[in-house]
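These are the residues of each chain, in order.
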Amino acid sequence: MALKPNSADGRTRSWVQIFIVFGLCCFFYILGAWQRSGFGKGDSIALEITKHGADCNIIPSLNFETHHAGEVGNVGESEKIKSFQPCPPRYVDYTPCQDQKRAMTFPRDNMIYRERHCPREEEKLHCLVPAPKGYVTPFPWPKSRDYVPYANAPYKALTVEKAIQNWIQYEGNVFRFPGGGTQFPQGADTYIDQLAAVIPITNGTVRTALDTGCGVASWGAYLWSRNVLTMSFAPRDSHEAQVQFALERGVPAVIGVLGTIKMPYPSRAFDMAHCSRCLIPWGANDGMYLKEVDRVLRPGGYWVLSGPPINWRNNYKAWQRPKEELEEEQQKIEDVAKLLCWEKKHEKGEIAIWQKRVNDESCRGREDDSQAKFCKAEEANDVWYKKMDVCVTPYPDVSSSSEVAGGELKPFPERLFAVPPRIASGSVPGVSVETYEEDNNIWKKHVNAYKKINRLIDSGRYRNILDMNAGLGGFAAALNSPKLWVMNVMPTIAEKDTLGIIYERGLIGIYHDWCEAFSTYPRTYDLIHAHGLFSLYKDKCNLEDILLEMDRILRPEGAVIFRDEVDVLIKVKKITAGMRWDTKMVDHEDGPLVPEKVLVAVKQYWTVGGNTTSAQ
């Protein structure tokens, strides 16, 4: 007889659960009908994530509170949530560490004023950067390569300044990008064909490229169709909104400059580096900038220079510069290239191409050259706020004259999952072949779980993706698709520096400290992934500041995936409750008893002076 009350209680609980599930299904159905009515100006991505993330079949597995009731009690309803207000409209394109007003207080020599200068703690904004009025979801790739909605970056200066160079044209409510550039008015494809006659661009040998002074990044945009992934950078703002346009187009780009600080990339990262009339004084400061390019260029990699001073004899009048000055400038470049032991492979018209040697065996003569000061090998990847030097980065040792220093890479896409040479050689402590392969398997499983939560991943909706704590690049590798690219960030406080491994996989990334703002414009990423980031930074800086920075760089109706310990995610969830984000906690794919959880968030659609469109 004692069993009957328990049985009745069980039936009661069962009916209550069924009622709750039924109610939630009805709620999301009504919500979907409302959002499909066209009230919001976004593309209802928030609806899609909510609908699929709240699939009635998986609601019971989201009941994480029953397993962690003590922790949930810390964020009870009685505790007031801090609400973050919109920033004033003047901050719509705010870039904290490249603020124009602050920049003008720094010296102009060597482009110091264009480098990163971040606000002090008391100067940081604690508000939400708004989207401009009329902001819309960008076009999907590949249409976005050629068209950008005017409302998203309403700046016409380049359409006038670069009109004859075919950079950008204004057509009604969109900008059109014909693919031209200062040095390739006939189009980027024609220009790339010229380079491909010398450089093996099409067979997977060249996978990662660096475009210095990129303009609107048409070179990188058109290399994408040839399976070359380009990291583009330009300062803010020699030409109005150039990096902003690049990212709106769906092309990897950051705000950056060659000034006095090392580039935030590891040594031996890029298969090709490029300057098309980028106005960098390559021969100045004892060739310091060319030596920095040499540091990040892979053995056997190529450097392309088009424009002044190449072919100065025929162009000095058009460039309105003295012949003697241009001749001296080219001679300095030739001298530094010789010191670096680069081989000149081509010069025709205004294009010159050099190739870096595969090792140091053929460059022994420069050891006796008084100009050849060598850097310390252990400092090759020590770059964050470190001054450039006029030294030459040494090659890794080799055992024969034909061996590629640092290890030979497979062509892409085989390179993506092949064992990177830095792992095979044991040069990254604590990372073995076994841990690398295990990491790949783990991330394939994680990404498959993400796609069940958010079925829009790899649909073409998310083009620009940011991994804030990239590790070995497993997340980006598992996501690899022609529809998207991932900016892999290596936190400067990470225990292991694995960014070189990420580049050896044919992926791109950057060093960064998340206690500071990222070098990008607002609203430049569609999807952000943060694995273990807040555990890493919990004693280093204010988590609120990191979340506000994520909000700044995330597009309206963009998504965030947090993967971290449950205690950390509860704190994150509490802060995001006041940020116009909708969130949902999901169990680890291995079950509710695993302390690591996944928090999925969707940023609501709202603009300057506009209403909020909520997903819940």
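Taking an unreviewed UniProt entry as the reference, the protein chain is identified by name as Methyltransferase belonging to Gossypium darwinii. Taken verbatim from the UniProt record of the protein chain, the Sequence similarities (unreviewed entry) comment is "Belongs to the methyltransferase superfamily."

Trainee: Help me out: how do you make sense of the packing of aromatic side chains in this one?
Mentor: Geometry of an aromatic ring pair is reported as the spacing of the ring centres plus the angle between the planes. Tallied over the entire structure, the rule returns 21 aromatic pairs. Geometrically, the ring pair formed by Tyr150 and Phe175 is tilted, given 5.4 Å between the ring centres and 55° between the ring planes. Here Phe175 lies in strand E3 (residues 174-176) and Tyr150 lies in the loop between strand E1 (147-149) and helix H6 (157-161), a separation of 25 residues in the sequence. Assessed through its relative accessible area of 23%, Tyr150 is described here as partly exposed. Above the face of the Tyr113 ring, Arg108 is positioned so that its terminal group lies 4.7 Å from the ring centre. One Lys or Arg, Arg463, reaches over the ring of Trp141 and ends 3.8 Å from the middle of that ring.

Trainee: What's the story with the packing of helix H18 (residues 543-553) against helix H19 (residues 566-576) in this structure? I'm lost.
Mentor: Contact pair H18 / H19: the axes reach a minimum separation of 10 Å and the direction vectors enclose 60°. Here H18 lies oblique to H19, going by the angle between them. Crossing angle aside, the handedness with which H18 passes H19 is right-handed. On H19, the residues that touch Leu543, Glu544 and Leu547 of H18 are Val572, Ile575 and Thr576. Residue composition of the contact of H18 with H19, by class: 4 nonpolar, 1 polar and 1 charged.

Trainee: Hey, could you run me through the state of the cysteines in this one?
Mentor: As used in these notes, a disulfide is a covalent bond between sulfur atoms, one from each of two cysteines. For the structure on display, the rule yields 6 disulfides. The partner cysteine of Cys87 in its disulfide is Cys127, sulfur to sulfur 2.1 Å. Negative torsions about the S-S bond denote left-handed disulfides, and the value of about 105° found for Cys87 with Cys127 makes this one right-handed. Pair noted here: Cys87 is in the loop between helix H3 (69-72) and helix H4 (100-103) and Cys127 is in the loop between H4 and helix H5 (143-146), with a separation of 40 residues, a long-range link. Accessibility classification places Cys87 together with Cys127 in one group, the buried group. Sulfur-sulfur distance for the disulfide between Cys341 and Cys363 comes to 2.1 Å. The disulfide joining Cys341 to Cys363 has a torsion of about -95° about its S-S bond and is therefore left-handed.

Quick notes on the rules
Think of each chain on its own: its residues are numbered from 1, step by step along the sequence as written. In keeping with the predicted nature of the model, local features appear solely for residues at pLDDT of at least 70, side-chain atom pairs appear and are counted solely at 80 or more, and the whole-chain, interface and lining totals rest on all residues. Hydrogen atoms and water are omitted, and side-chain values are computed over all heavy atoms in the structure. UniProt positions are given in the numbering used here, feature names are shortened, and annotations may be inferred rather than shown by experiment. When the centres of two rings from Phe, Tyr and Trp lie within 6.5 Å, Trp using its six-membered ring, the rings pair. Their planes under 30 degrees apart give stacked, over 60 give edge-to-face, and anything left gives tilted. Helix and strand assignments come from DSSP, with helices taken as H or I runs of at least 4 residues and strands as E runs of at least 2, each series counted from the N terminus. Relative accessibility under 20% of the residue-type maximum defines a buried residue, over 50% an exposed one, and the middle range a partly exposed one, all with a 1.4 Å probe and only protein chains included. In this scheme, the term charge over a ring applies when either NZ of a lysine or CZ of an arginine sits within 6 Å of the ring centre and within 35 degrees of the ring normal. Note on geometry: axes are C-alpha line fits, over the in-contact stretch for helices, and angles between N-to-C directions span 0 to 180 degrees. An angle counts as roughly parallel when it lies under 35 degrees, as roughly antiparallel when it exceeds 145, as roughly perpendicular when it falls between 65 and 115, and as oblique in every other case. Whether a crossing is left-handed or right-handed is set by the direction in which the near helix is turned from the far one by less than a right angle, anticlockwise for left-handed and clockwise for right-handed. Contact between two residues is taken to exist if any of their heavy atoms lie within 4.5 Å; hydrogens are not considered. Any residue outside Ala, Val, Leu, Ile, Met, Phe, Trp, Tyr, Cys, Pro, Asp, Glu, Lys and Arg is labelled polar, Gly included; the first ten of those are nonpolar and the last four are charged. A pair of cysteine sulfur atoms is labelled a disulfide when the two atoms are within 2.5 Å.

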